[in-house]
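Take a look at the letters that make up each chain.
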Amino acid sequence: MKFGVVVFPGSNCDSDTLYVVKEVFNQEAEFLWHKDHDLKNSDCIIFPGGFSYGDYLRSGAIARFSPLIKEVREFALNGGLVLGICNGFQILLELGLLPGAMLRNKNLKFLCQHVNIRIDNTDTPFTLAGNIGQVLSIPIAHFDGNYYIDNNSLKDLHKQNQIVFRYSEQNGNLSKKSNVNGSINSIAGLINKNGNVLGMMPHPERASEAILGSDDGRVIFESIIQYFDKVKKPQPC
Amino acid sequence: MKVRVLVSFKDSILDPQGKTVEHSLHTLGYDFVDEVRQGKVFELELKGISREKAEKIIPEIADKVLANPIIEKFSFEIMD
Amino acid sequence: MLDEKTITDHGLTSEEYDQIVRLIGKHPNLTELGIFSLMWSEHCSYKSSKHHLKKLPVTGKNVIQGPGENAGIIDIGGGLAAVFKIESHNHPSFIEPYQGAATGVGGILRDIFTMGARPIVSLNSLRFGPLSLPKNRAIMDGVVGGIAGYGNSIGVPTAGGEIYFNECYSLNPLVNAFCLGLAKKDKIFYARAEGEGNAVLYVGSKTGRDGIHGATMASAEFNDDLEEKRPNVQVGDPFREKLLMEACLEIMEKSLIIGIQDMGAAGLTCSTSEMAANAGSGIEIDLDLVPQREKGMTPYEIMLSESQERMLIVAKNEKIKEVQQVFSKWDLEAVVIGSVIKGGNLIVKSSGKRVVDIPVNAIVNLCPVYEREMRPPESYAPPLIIKEIPLPQDYNSSLLKLLSSPTIADKKWVFRQYDHMVQTNTVFFPGADAALLRIKNQKRALAISLDGNSLYTSLGPKTGGAIAIAEACRNLACVGAYPAGVTNCLNFGNPEKPEIMWQFQQVIEGIAEACKAFEIPVTGGNVSFYNDTDGISILPTPVIGVVGIMDDINTAVSPGFKAKETPIVLLGENQEELGASEYLKHLHKKEKGCPPELDLIKEKAVQKLCLEAISQRLLLSAHDLSEGGLAICTAECAFLSPAKIGCSLSLSESMRTDALLFGESQSRILVTVDKTNLERLLTLSQEFGVPANILGKTGGDRLIFFHNNKKVIDTAVKDAFNIWEQSIPDFFEPK
C-alpha cells in the first residue's frame, strides 16, 4: 500500500514517519507538500508531528488553510484513511475532522517521555492488530496535549466507541498520575464516527524499532497495513 | 483603522496559565486579586474598509482564525 | 573626528583607536568605529585568548576543519562528516533567560547548517546559582524553557548535557549550547566571498534594532547599567529558523552557491567582512536593499543589528533565480544586496552615499593580540586538612543528602521538557553517561559527552582542565565509543585581572596535555570572558564537548544494572581523596583542597580496557565514577535499571569510609558482568594493567555497603530513588 506523509513548513516528524513506513515496514511512501493539490494516489494520509506553522497562534491553527487540505478533506469524507500524530492530531481537531480541542498540558510544561497507553477499541483500521486492554509504551512530545471536549460530546464519544487510546498505568489502570497532560477522561487518541480518521498524541513512529527503547508503536502501522491487505485491496474472484 | 481583538478561554474552561499567575500574585501578598484569566490580544491595522464593514468582518476573522470557538471566546473594539 | 567618550563607549582603548587610524589611513566615522568596536571586541577577536589557545592540538588525520570556521569538522567514515561546536550565551541569558537561551540554541544551529550539515543533536551545559533562591529558579525555568521552545520547534533533539549549581552563578548563569550536524564529506560549505562580480544575497528575517552591541556586551562586566540593556535582547523565531535551515540545506544540496555565513554576533558586519577576508576579496553592499523591520534605521544600526535568523550568501549571478526560487518555496525572501569586489575593502552604501570604506583585513585579522599579565590568586586552593573533617555519624543519611544535592540529583524535570527523541536517532536518553545517536542504515554511531567541574578548575585549574577532557572521554568509553574530536567553551571572568588570566592559561595547559594524551584534536569552540557581576568573577568553568565514534551500535552499554546476581566490578583504584568533592561542598559546606589526582596513563588504560570489554560484549553495564564517588555511582546504576535492582558491596581498603564512599578519585568505572564472563574480564584487566576488584553483586531492592565487614549503608533503592528524583521538582512544584 502507499502512504502519503503531509509536509508543512514546520513539520519535524515528517522524515521520521516516512522512514518508518518505508524502511521499517517496506511500504511505498511519499511526502505530500502542503502547497500542492496532489495526494499522489496515497491509500493512507499521515499528518506527522511538528510545529506546522510555528504554532504561535494555536497548535495546528494555520495548517488547515493550506492548499492540500481541500484534497485531504475530500479524501477523508470519502472514507480514506487519515492518521494524525501529535501536531497532526491537533490539525485534525482544528480541521473539524475530529471533535474537541487541545489545551496546554496541566503542568504548563512541554512533556517528552514514554507513556503507557491502553487500547480501548480494536474495531478500527488503526488498531485491529492489537487487543482490547493492551498497554503500549509510546513516547509523547507536546506542549498542548490536554484534550478537551464538552460533556455532551464526551458522552457521544463513549457511546459511539470513538475513544481508541487512553493514558494508563503499566497494568492498564487509569489514574491521575498516568494522565500526564490532564486530558479529559485520559483520552490519548480518538477516531471519527465513520472510523477512518484517527488522531493520537503519542508518537508510534518513535516506538517502531527496539533500538529506540520500545517497538510497541508497530501495532498501529501493522494494523493499517493488515487492514489494507484484507479489506481494501480488491480480492481476486 | 486599528482593531483590537481579545481572545480568552470560555468561562467553562479551566485556565491553568491564569491560575498560575493568580497563585503567584497571592504568594506575593496581593490577596485582593480574586481571579486571573489569561488571554491573547491581536492588533489589526485595516485599510480600505468602512467601519460598518469592519464590524461585520472582524467576528468572521476572529471565529475562523484568531480563536478556537470550542474553547475560546472573543471580543473586539475599533480604536480608530 | 569622533570625541574620546564615543571611542571609550565603544569599548576601544586609545591605543586601539590609534591602531585603527594607522591601519585604515583615516579617522573612522561612527559606523566604521562601530564595526571595529564589534570585530575587535573580545567576543569576536579572541584578543586575550589567542596567544594561549595556540597551545591546543588542532590537527589529526580525521580533521577536515579545525578552529577558525563556523564549526569544526571531523571525518567519521562512511563518506560522512560530523560538524560540531559549542558556544556560550551567558550574558543574554542573564538579562532575559528564555530568549537568551533560545537564541543561543538558534545561533549554534545556524553555525552548523551554514556548513551544509543537517543538525542531528543538541546538548547543553548549564550553570545556575542555588535553587533555594527564587531568582535562580526563575532563571533556570526561563533558560530551560527557552532551550526547549527553540529546539523542540525546529525539530533537533536535545539529547542531554549537564547542569551544576554553585553560588558563583547566582548573578552570572552559564548557558553553553552544543550542536552537531551530519554532512556529506564532499558537500561542505565555507564562509568565503569568492569570485569578483558574484552576487551577495541577504536571506531570512528582516533587520531590526534588536541586539545592537550584543558582542560588545558579551565583552564587558555586568553592573546596574547593563540591566538597562534589556530592550536590546534578541527574540528568537524557531519557525523562521526552520524555514531558513530547510532552504539553506536545499540550495547547498543543489550546489547553487559559492559561500555562506550566518549573521550571528555582529550581524551584517561580521558576515560581510569575514567572508571577504577569508577569500582575500572585497565586498560592497547597499543598505537601501537590506530588508528592514523598523523605519528610519541608520547605517550604524543596520550594520550592527543582531536580529536573528539571517544569513549572507554569495552566489554566481546566473544562479540567483534558482536560489530565490528555493527560498520562495519556503516563504522566505532572498535579496541581492551587493557583490564581491576586487581590492579587499568593505564598502557600504546608503542613500547613494559611501558610508563605510575600510579594508576587511584590518577588521578581521589585524586586531591587536594581548599577552595579558598573569598571577596565581593569593588565596588559591586553601589546603584541606582531612582530619578536620568530621566523619559522619550515619552514612545512610550522608548518601541520601548527597543524592538530593541538585548537582547530583535527577535532572528529568529538565530533560523531559526537551524533545530528545525527534529524528528517531536517540538511542540513549539524557541521564546516560553519554548521548548516543545511531546513524540510520549504518552500524556506526555517534556518542557525545559534555563535562566541566568548576570546583576542580577553581581549586586546581590545570588538573581540572585535564580532568574535564578525561572524564568526557571516560563517559564515552562507558558507552563503548572512542573519542574523535573536542570542542570547548571556556567561561571565565575578566581577563584584565591577572588571576583570571592565570586560571585561563592553567586550564588551557591541562586541556592541551589531556588532548595530546588521548590524541584528540580540538576543532573549535568559544571563549567567554567577563563573566563577572559587580566585580565578582565566576569560578573558572571550561566546558568540554567530546564527540566519539562507536563502530557497532549493537554493542552499546548503558549504566543501569541489567540483572540480579551479577558480579559488580570496579575498574581502577580508590584513593583517599576528598578535595574539591561534592561531598565536602554539600555536606560540610567546604570548597577546599586539591581536585583528585589524574594520571593520564592510568586513565587511558582504564578507558581502553572498558572499550575492549564492551567490544567483546563482556559488560552488562558500565558507569563512570564522578561527583559523589562510588556510592553515588552505584546508586545511579540501581536507579537507571528498569527494575530498580539493588546490590550489596563489600569494601576493604584501609581509608576513611567517607573518602571511600564519596571521594572522587579519577580513572574509575563501575561495571557489571555476567558470571560466565567474569574470568575473562579479570584476565583482560590484567592485560591492560588495570586493577579490577569484585566489590559485590546485584540483587534485592536495597543498596548495601560494607566497609571492613561493618555495614555502613543500608537503604531501600526506592526511598533513595525518590529523594534523587524529587529533589529538583520539589524546588519548582512545592507540594
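Please refer to the structure placed before this passage.
Keep in mind it's a predicted model, so treat the numbers as computed, not measured. (Residues numbered from 1 in each chain as written. Chains lettered and ligands numbered in written order. Predicted model: local features only at pLDDT ≥ 70, side-chain atom pairs only at ≥ 80, totals over all residues. Heavy atoms only, no water.)

A. Seen up close, the overall build of chain C. Along the backbone of chain C there are 26 helices and 28 strands. Taking 735 residues into account, the globule formula puts the C-alpha radius of gyration at 27 Å, and chain C, at 26 Å, falls close to it. Each principal axis of the C-alpha atoms in chain C carries an extent, and together these give about 85 × 55 × 50 Å. Of the roughly 25100 Å² of accessible surface on chain C, 50% is carried by carbon and sulfur atoms. For chain C, the distance from the average site of its 72 positive side-chain charges to the average site of its 88 negative ones is 4 Å. (Helix = DSSP H or I, 4+ residues; strand = E, 2+ residues; numbered from the N terminus. Rg over C-alpha atoms; globule rule 2.2 N^0.38 Å. Areas by Shrake-Rupley, 256 points an atom, 1.4 Å probe, with all protein chains shown as cover. Lys, Arg positive; Asp, Glu negative; His and termini not counted. Charge placed at Lys NZ, Arg CZ, Asp CG, Glu CD.)

B. The side chain of Ser223(A), seen in detail. All names here are of chain A. Note on placement: Ser-223 falls in helix H5 (residues 218-232). The exposure class of Ser-223 is buried, given its relative accessible area of 0%. Here the side chain of Ser-223 touches Phe-126 through a polar contact of 3.4 Å, landing on its backbone oxygen. Other than its neighbours up to four places away in sequence, Ser-223 contacts Pro-125, Phe-126, Thr-127, Leu-128, Ala-129 and Gly-130. (Buried < 20%, exposed > 50% of the residue type's maximum accessible area, 1.4 Å probe, protein only. Polar contact = N/O pair within 3.5 Å; in protein donor to acceptor, adjacent residues only side chain to side chain. Contact = heavy atoms within 4.5 Å.)

C. Region of interest: the interface of chain A and chain B. Listed by partner, the interface residues are twelve residues for chain A and 16 residues for chain B. Carbon and sulfur atoms supply 66% of the area that chain A and chain B bury against each other, a total of about 1200 Å² over both sides. Counting every contact that joins chain A to chain B gives one salt bridge. Of the charged contacts, one joins Glu72(B) and Arg58(A) as a salt bridge, the two residues approaching to 3.8 Å between their closest N and O atoms. When residues of the side of chain A that touches chain B are assigned to their parent elements, the largest contribution, three residues, is made by strand E5 (residues 101-103) of chain A. Here the residues of the side of chain A that touches chain B sort into seven nonpolar, one polar and four charged. (Buried area = accessible area lost by both parts, 1.4 Å probe. Salt bridge = Lys/Arg side-chain N within 4 Å of Asp/Glu carboxyl O. Nonpolar A, V, L, I, M, F, W, Y, C, P; charged D, E, K, R; others polar.)

D. View of the sheet that holds strand E1 (residues 2-9) of chain B. Residues and elements named next belong to chain B. The sheet built from three strands is open, its strands ordered E2-E1-E3 with antiparallel pairing. The open sheet terminates on both sides in strands that have one partner only, identified here as strand E2 (39-45) and strand E3 (72-78). Averaged over all adjacent pairs, the angle separating strand axes in this sheet is 20 degrees, with direction ignored. Of the strand pairs in this sheet, E1 and E3 are connected by seven bridges, and their pairing is antiparallel. Looking at the pairing, Arg-4 lines up with Glu-77 of E3. Packed on one face of the sheet, helix H2 (residues 51-66) meets E1, E2 and E3 and runs near 155 degrees to E3. (Pairing = 2+ DSSP bridges. Axes fitted to C-alpha atoms, helices over the stretch in contact; angles between N-to-C directions.)

E. Spotlight on the sheet that holds strand E6 (residues 111-119) of chain A. All names here are of chain A. Overall, mixed pairing links the nine strands, which are arranged E2-E1-E3-E4-E11-E10-E9-E6-E7 in an open sheet. Both edges of this open sheet fall to strand E2 (28-33) and strand E7 (135-142), since each of them pairs with a single strand only. When strand polarity is set aside, the average angle formed by the axes of neighbouring strands in this sheet is 25 degrees. Relative to strand E4 (residues 81-85), helix H3 (residues 87-95) is tilted by about 120 degrees, and along the sheet it contacts strand E3 (44-47), E4, strand E10 (187-191) and strand E11 (197-200).

F. Fine view of the nonpolar core. By size, the foremost hydrophobic cluster in this structure holds 139 residues, and its most contacted members are Phe47(A), Phe165(A), Met140(C), Ile257(C) and Phe327(C). Non-local contacts of Ile257(C), meaning those with residues more than four positions away in its chain, are made with Phe189(C), Ile251(C), Met252(C), Ile313(C), Val314(C), Ala315(C) and Val323(C). Counting 50 residues, the second-largest nonpolar core is a separate cluster that includes Met263(C), Met297(C), Val340(C) and Leu346(C). (Core = buried A, V, L, I, M, F, W, Y, C linked by side-chain atoms within 4.5 Å.)

G. Expanded view of the interface of chain C and chain A. At the junction of the two partners, chain C supplies 32 residues and chain A supplies 29 residues. Summed over both partners, the interface of chain C with chain A comes to about 2500 Å²; 58% of that surface belongs to carbon and sulfur atoms. In this assembly, chain C and chain A are joined by four salt bridges. The partner of Asp141(C) in a salt bridge is Lys109(A), and the shortest N-O contact between them spans 2.6 Å. Elements with a minimum of two residues in the side of chain C that touches chain A: helix H8 (134-154), helix H11 (238-253), helix H14 (320-329) and strand E14 (426-428) of chain C. Considered class by class, the residues forming the side of chain C that touches chain A number twelve nonpolar, eleven polar and nine charged.

H. Main features of the packing of aromatic side chains. Applying the stated criterion across every chain, the model contains 20 aromatic pairs over all chains. Aromatic side chains Tyr53(A) and Phe239(C) sit 6.2 Å apart centroid to centroid with 50 degrees between the ring planes, which places their arrangement in the tilted category. Pair noted here: Tyr53(A) is in the loop between E3 and helix H2 (69-77) and Phe239(C) is in helix H11, and the two residues belong to different chains. Ring geometry for Phe110(A) against Phe143(A): centres 6.3 Å apart, planes inclined by 85 degrees, an arrangement best described as edge-to-face. Note that Phe110(A) is positioned in the loop between E5 and E6 and Phe143(A) in the loop between E7 and strand E8 (146-148), a separation of 33 residues in sequence. Of the residues examined, Phe143(A) reaches a relative accessible area of 27% and is grouped as partly exposed. When the ring centre of Tyr190(C) is taken as reference, the NZ or CZ atom of Arg192(C) above it lies at 4.7 Å. (Phe/Tyr/Trp six-rings, centres within 6.5 Å; stacked < 30°, edge-to-face > 60°. Lys NZ or Arg CZ within 6 Å of the ring centre and 35° of its normal.)

I. Spotlight on the environment of Ser178(A). All names here are of chain A. Among the secondary structure elements, Ser-178 is positioned in the loop between strand E9 (163-168) and E10. Judged by its relative accessible area of 9%, Ser-178 falls in the buried class. Residues Ser-178 and Arg-166, spaced twelve residues apart in sequence, show a C-alpha to C-alpha distance of 9.5 Å. In this structure, Ser-178 is in contact with Tyr-167, Ser-168, Glu-169 and Asn-173, ignoring residues within four places of it in sequence.

J. The arrangement of the environment of Gly525(C) in detail. Residues and elements named next belong to chain C. With respect to the helices and strands, Gly-525 occurs in strand E18 (residues 522-528). Residues Gly-525 and Asn-70, 455 residues apart in the sequence, show an inter-C-alpha distance of 9.3 Å. Apart from the residues lying within four places of it in its own chain, the contact partners of Gly-525 are Tyr-46, Lys-85, Ile-86, Thr-487 and Asn-488.

K. Representation of a nonpolar patch on the surface within the structure. Residue and element names in this part refer to chain B. Together, Leu-28, Tyr-30 and Phe-32 make up a nonpolar patch on the protein surface, roughly 400 Å² of accessible area in all. With respect to the secondary-structure elements, Phe-32 resides in the loop between helix H1 (16-27) and E2. A residue is classified by how much of its surface remains accessible, and Phe-32, at 69% relative accessible area, is exposed. (Patch = residues over 30% accessible without salt bridge, like charges linked within 9 Å, V, L, I, M, F, W, Y side chains within 5 Å.)

L. Structural context of the pairing of E3(A). Residue and element names in this part refer to chain A. Along E3, one buried face is formed by Cys-44 and Ile-46 and the opposite face, lined by Ile-45 and Phe-47, is buried too. Two strands pair when backbone bridges link them, and strand E1 (residues 2-7) and E3 are joined in this way by three bridges, in the parallel orientation. Bridging across to E3, Phe-3 finds its partner in Cys-44. In this structure, E3 lies alongside E4, joined through four bridges in parallel fashion. Its bridge partner lying in E4, Cys-44 is registered against Leu-81. As for the winding sense of the linkage, the β-α-β connection from E3 through H2 to E4 is right-handed. (Right-handed = clockwise from strand over helix to strand, strands pointing away.)

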